[in-house]
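# An overview of the molecular structure
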Amino acid sequence: MINKVRYVVSGLLLVFVFCQTASAEWGEWVLNTSLEGGFEDNINFAIDKNGRLSDIAISPSIVFGRYYQLGDYTRLRIVADLKAKAYKRYDGLDSLSSGVDVAVTHKFGLGQEVPWLRVHSFAGYLAVNESLRNSWLYNGGVAFGKRFSERFDMLLSYDFIYRNGSNNKNVAEGFLGNPFDQVGHKGTLSLSYLLTERLLASLSYSVYSGDITSTNEHNDMLKLANFTKALVWDETFKRHLWTYKLNALSNEFTIGLSYALNGHTSVNVSYIRVDGYTSDLHYYDNLVLTSIKYTF
Amino acid sequence: MKRLAFTVVILYYLLLGGVGYCQDLISEVKDNDGNMVEYAVITAIPRSGEVKKADKEIISVIDQVDKTFIDFVTPIMVGTTLSFPNSDKIRHHVYSLSEAKKFEIPLYPPGKGKVNPVTFDKPGVVVLGCNIHDWMKAYIYIVETPFFAKTDKGGKAIIKNIPAGEYKVEVWHPHIKKSSASVKETVVISKGSDMKADFAIELKKVLSVRRAPGSLGGGVYP
């Protein structure tokens, strides 16, 4: 019942966005679509090397909505964000997420190289095939952008991330809380450089401080109790595993190349390396993603 | 009878062999690799220094279609008024920070015709941009002669009906290198066949802000 209510609320939000955008007379449409496929070598963020599980996934997404010019240099962006993800091996992770993102961007003057500042907030719902992972997602942040030349631009951002796990089943005896109730802070520096007329190289570094979940095989419950208060047994990976919450500091490096097929479409490939550290433990994850993106 | 013969001779002289005789000046522009160059502007400046002033009523247009300026290069004579219609269904914010003409047309809605007129009263190059869509860029080349033409996709430009006389002929392109041989000091336009003035120029590799989405989703002012 609760899930139905949440879907209705999400649907209403989408209808609200659509109605707002359809009646705008002087705004600008936003329509971004993407089809992404990729390989990840540690989808369960396992700390134990032998417990690492890998899979490939495909993920179509669409972002649609509208820009509204609030003034000559300030614009409001309201979009609906829909994303699906399907895994080849572990279909328990297949998911559908939807949400609404509202952002206000202000450009500090006239010209390409004038910096801009954006404040945004996102609210959405993540529905996963294995409902244990269903969650409400909230995100708010600020981003600062500056172009240094026609070839080179920079983005600096901070995001506050809040995830509210909506399914409290499978909580292990003696443990309180849901490992999918998470709070985190993420700072990112992204640089893009145009190599040729069509080829854009990107480099990004993010640092995340906050909660993560890790799924592992463990028999010693007492040992687990030493470093987590939130623990559930989890059959998402087609075996009996434990998923628990850890407080971690993660470094994320991304390197990407993007080839423009035309003014609206690009083919992209990127590699992402994530290294997470808790007080005693270390986990890492490698992702290779390819995508085709279209912007209206 | 003598008067008639005299009139015929005078008319013949004026129409075919005299000062008022007009020819076309045809130019082809290639780059150093032999590729035809589009958007080059050919200007012919009379060596006599006598230049007809622009009619203030001259109005030309730079439109915006699919978030792109049409055309990429617009040559005009000093004193010309350009209008900036907007054929898109969204607002644009056109500006120039160039010395030859600094101006700004803040966010304005779609509209056709003689809208947002701007008069260009100094020679030089004006670089146009849109403050909303960073990839939008175009050039206005303001010249002091009424004799100019822009090359097409085949690299060809024709200055029509240019009066007989001696001219300094120049080529300009937004990406031309200074080292290019861009001037022909004396080109004589005379009766008979059309005159040719071809150029081989060096172009700089200039990259503009990319419009397509990047791998990180950024790249342009969001």
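Just so we're clear, the structure is a prediction, and the values are computed from it rather than from any experiment.

### A few points about the overall build of chain A
From N to C terminus, chain A includes two helices and 13 strands. Here chain A holds 296 residues, and 48% of them are scored as buried. Taking contacts inside chain A between residues at least 6 apart in sequence as the whole, the part at least 24 apart equals 60%. Per element, the accessible surface of chain A, about 14,400 Å² overall, is 62% carbon and sulfur.

### Side note on the domain arrangement of chain B
All names here are of chain B. As assigned here, chain B comprises domain 1 (21-51 + 146-208) and domain 2 (52-144). Domain 1 and domain 2 are separated by 23 Å when their C-alpha centres are compared. Facing the 12 residues of domain 1 at the interface are 14 residues of domain 2. Summed over both sides, the interface of domain 1 with domain 2 buries roughly 1,300 Å², with 73% coming from carbon and sulfur. Its largest share of buried area at the contact with domain 2, domain 1 owes to V51, F148 and W172, together 40% of the area lost on that side. Here domain 1 and domain 2 share one salt bridge between them. In this structure, K150 engages D71 in a salt bridge whose closest nitrogen and oxygen atoms are separated by 2.8 Å. Where domain 1 packs against domain 2, one counts three residue pairs in polar contact (both at pLDDT 80 or more). Secondary structure elements with two or more residues in the side of domain 1 that touches domain 2: β2 (41-46) and β13 (148-150). Its residues assigned to classes, the side of domain 1 that touches domain 2 comprises seven nonpolar, three polar and two charged.

### Some points on the sheet that holds strand β6 (residues 73-77) of chain B
All names here are of chain B. Overall, mixed pairing links the five strands, which are arranged β6-β12-β11-β8-β9 in an open sheet. Two strands lie at the open edges of the sheet, namely β6 and β9 (101-108), each paired on one side alone. Averaged over all pairs of adjacent strands, the angle between strand axes in this sheet comes to 20°, irrespective of strand direction. Two strands pair when backbone bridges link them, and β6 and strand β12 (residues 137-143) are joined in this way by five bridges, in the parallel orientation. Counted as the bridge partner of T74 is I140 from β12.

### Focus: the packing of aromatic side chains
Residues and elements named next belong to chain B. Under the counting rule described, the total for this entry stands at 14 aromatic pairs over all chains. Relative to F103, the ring of F84 lies with its centre 5.7 Å away and its plane at 40°, an arrangement referred to as tilted. Of this pair, F84 sits in the loop between β7 (81-83) and β8 (92-98) while F103 sits in strand β9; the two residues are 19 residues apart in sequence, bridging distant segments of the chain. Judged by relative accessible area, which is 0%, F84 ranks as buried.

### A word on the pattern of salt bridges
As a working rule, side chains carrying opposite charge can pair if their charged atoms are close by. Inspection of the entire model under this criterion finds 15 salt bridges over all chains. Between A:K107 and B:D134 there is a salt bridge, with its nearest N and O atoms 3.1 Å apart. Taken together, the positions of A:K107 in strand β4 (residues 95-107) and B:D134 in the loop between β11 (124-130) and β12 put the pair across two chains. An identical accessibility class is assigned to A:K107 and B:D134; each is buried. Note that A:K186 and A:E252 form a salt bridge whose closest N and O atoms lie 3.9 Å from each other. With a gap of 66 residues between them, A:K186 in strand β8 (residues 182-194) and A:E252 in strand β11 (residues 241-260) connect regions that are remote in the sequence. On the basis of relative accessible area, A:E252 is assigned to the partly exposed category, the value being 24%. Here the salt bridges share partners, and the residues they tie into one network are A:E28, A:R75 and B:K67.

The rules behind each value
Residues numbered from 1 in each chain as written. Chains lettered and ligands numbered in written order. Predicted model: local features only at pLDDT ≥ 70, side-chain atom pairs only at ≥ 80, totals over all residues. Heavy atoms only, no water. Helix = DSSP H or I, 4+ residues; strand = E, 2+ residues; numbered from the N terminus. Buried < 20%, exposed > 50% of the residue type's maximum accessible area, 1.4 Å probe, protein only. Contact = heavy atoms within 4.5 Å. Areas by Shrake-Rupley, 256 points an atom, 1.4 Å probe, with all protein chains shown as cover. Domains from an automatic or database assignment. Buried area = accessible area lost by both parts, 1.4 Å probe. Salt bridge = Lys/Arg side-chain N within 4 Å of Asp/Glu carboxyl O. Polar contact = N/O pair within 3.5 Å; in protein donor to acceptor, adjacent residues only side chain to side chain. Nonpolar A, V, L, I, M, F, W, Y, C, P; charged D, E, K, R; others polar. Pairing = 2+ DSSP bridges. Axes fitted to C-alpha atoms, helices over the stretch in contact; angles between N-to-C directions. Phe/Tyr/Trp six-rings, centres within 6.5 Å; stacked < 30°, edge-to-face > 60°.

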